[in-house]
Amino acid sequence: MSVTFVSGPSKLSQGQVEDTTRSKVTKHGGSSDQRRLDCGREDYLSDVSIVLPVHNAERWLDQCLESVLDQDFQGSMELSVFNDASKDNSMNIIEKWQTKLVKKGIHVIIGGQESACPKGVGFAKNQAIAQSFGRFLCFLDADDVMMPQRVRVQYDAALALPHCVIGCQVKREPEGSTERYTRWINGLTQEQLLTQVFTSHGPTVIMPTWFCSRQWLDSVGKFDESGKGVPEDLLFFYEVIRKGGGMSRVDRCLLVYRYHSEAATHAVLEETIWKERVGFLEERVLNDWPSFTIWNAGKQGRKLYRCLAAANQKKIEPKPQIPICHFMEARPPFIICVKLVTS
């Protein structure tokens, strides 16, 4: 069973404050989904919904929610929070900020589930989306902080690119953590946002910076709800590409992206990521090639070969019985297994 609290009426003028009476919904999702459908696809109640899943985030929520309050966006905006079985002080912090946000004209929707265990990031995102009413969706992790310009700048970009996921550059905190990864996030060209989707780093536009139209997201589908250990952002990223969606990034730093030991990403095993990457590579590329060469005779090249489907293993030139060949003997197309950055 889950409880949903809604502050603000269905339609509020900027700056208007309403009674914050709490309404209990016996089955989360159904009521919220129906209310959103009732408003009509072209009659959204807010320009932007900030989607905020929360689980035991008391350490970071004050700064996160303050960054929502500080947005300089002049359109209508709402915050949709889904509390996924937090056992700490997260709900008290959310309710404290609720009053401040409503006074600024930011509609606040608070949903949650109170079972013994969290149901996972994918589930919490889906619920936060389902209970929201915005035309565009701005994703935010509870441990991150938005720059004041984020919603405004990405909203303008999304208006111009309605079938794209819009990202931004980030500032890593603590400074210097995951330095190589951060350079990769911020340094990719627009073309590389699609050409480097098979690298080990995951989505080329990272999930905490995503901004997109609700209509486009609805056409892609929901986040995977399998729970802990599943890279729901990577799976959704791949689905966006399958559906013909684009990736774009605003080349401005609009988010403080925290690195810490409690982050959900640490629950995803490297082997899980590898399996998904190889499967997507086969689906999108290798299944259509009559033959190819793996450009790496070392550990990664051998690992890739072993993980390929039998049909794709048979396409490799030269055949694996010859362990190493000179590069002059290699025949294109190539699958290159190397690190893109070494320092």
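Look above for the structure.
My aim in this report is to walk through the structure given alongside it, one point at a time. The structure presented is a predicted model; accordingly, all values stated were derived computationally and were not measured.

### A closer look at the pairing of strand β3 (residues 77–84)
- The element β3 is largely enclosed, with a buried count of 8 among its 8 residues.
- Neither face of β3 is open: one carries M77, L79, V81 and N83, the other E78, S80, F82 and D84, and all of them are buried.
- The pairing of strand β2 (residues 46–54) with β3 spans 7 bridges and is parallel. Its bridge partner being in β3, V51 is matched across the sheet by S80.
- Where β3 and strand β4 (residues 107–113) come together, 7 bridges link them in parallel fashion. The residue of β4 that forms the bridge with V81 is I110.
- Note that the unit made of β3, helix α3 (residues 90–103) and β4 has a crossover that is right-handed.

### What about the pattern of salt bridges?
- Considering all chains together, one arrives at 10 salt bridges under this definition.
- When the shortest N-O distance is used, the salt bridge between R242 and E283 registers 2.7 Å. One end of the pair, R242, is in helix α9 (residues 232–242); the other, E283, is in helix α10 (residues 270–284), with 41 residues separating them in the sequence.
- A residue is classified by how much of its surface remains accessible, and R242, at 35% relative accessible area, is partly exposed.
- On the basis of relative accessible area, E283 is assigned to the partly exposed category, the value being 34%.
- With a closest N to O distance of 2.6 Å, D251 and R249 form a salt bridge.
- By relative accessible area, which is 47% here, D251 ends up partly exposed.
- Judged by its relative accessible area of 8%, R249 falls in the buried class.

### Quick word on the side chain of R258
- Checked against the element boundaries, R258 lands in strand β9 (residues 246–258).
- Within the local environment of R258, its side chain forms a polar contact with the side chain of E173, the two groups lying 3.3 Å apart.
- Once residues within four sequence positions are removed from consideration, R258 is found in contact with W60, Q63, D143, D144, V145, R172 and E173.

### Brief notes about the pairing of β2
- For β2, the buried fraction is high: 8 of the 9 residues fall into the buried class.
- Pairing analysis gives 5 bridges linking β2 to strand β5 (residues 134–139), with the strands arranged parallel. Residue pairing across strands places V51 opposite F139, the latter belonging to β5.

### Looking at α10
- Relative to the 21 Å expected for 15 residues at 1.5 Å per residue, α10 spans 21 Å between its end C-alpha atoms, a close match to the ideal helical length.
- Looking at α10, one finds that the buried residues are I273, W274, R277, V278, F280, L281 and E282.
- Packing partners of the buried residues in α10 comprise α9, α11 (299–307), α12 (310–313) and β11 (334–336).

### Details of the side chain of Q154
- Looking at the element boundaries, Q154 is found in helix α5 (residues 150–160).
- Side chain to side chain, Q154 and R150 meet in a polar contact 2.6 Å long.
- Excluding its chain neighbours within four sequence positions, the residues that come into contact with Q154 are I166, G167, C168, T209, F211, V250 and L254.

### Regarding the packing of aromatic side chains
- Applying the stated criterion across every chain, the model contains 15 aromatic pairs.
- Relative to F280, the ring of F198 lies with its centre 5.7 Å away and its plane at 40 degrees, an arrangement referred to as tilted. One end of the pair, F198, is in the loop between α7 (192–195) and β8 (211–213); the other, F280, is in helix α10, and 82 residues separate them in sequence.
- When its relative accessible area of 26% is taken as the criterion, F198 is described as partly exposed.

### Brief notes about unusual backbone geometry
- Look at the link from E173 to P174: it is a cis peptide, with omega at 5 degrees.
- Secondary-structure assignment places P174 in the loop between β7 (164–173) and α6 (179–187).
- A cis amide bond, omega 0 degrees, links P332 with the succeeding residue P333.
- Assignment of secondary structure puts P333 in the loop between α12 and β11.
- You will see that N56, though not glycine, has its phi angle at about 50 degrees, which is positive.
- Tracing the chain through its elements places N56 in the loop between β2 and α2 (61–69).
- A positive phi angle, near 45 degrees, is found at T178, a position not held by glycine.

Rules used in this analysis
- Residues numbered from 1 in each chain as written.
- Predicted model: local features only at pLDDT ≥ 70, side-chain atom pairs only at ≥ 80, totals over all residues.
- Heavy atoms only, no water.
- Buried < 20%, exposed > 50% of the residue type's maximum accessible area, 1.4 Å probe, protein only.
- Helix = DSSP H or I, 4+ residues; strand = E, 2+ residues; numbered from the N terminus.
- Pairing = 2+ DSSP bridges.
- Right-handed = clockwise from strand over helix to strand, strands pointing away.
- Salt bridge = Lys/Arg side-chain N within 4 Å of Asp/Glu carboxyl O.
- Polar contact = N/O pair within 3.5 Å; in protein donor to acceptor, adjacent residues only side chain to side chain.
- Contact = heavy atoms within 4.5 Å.
- Expected span 1.5 Å × (residues − 1).
- Phe/Tyr/Trp six-rings, centres within 6.5 Å; stacked < 30°, edge-to-face > 60°.

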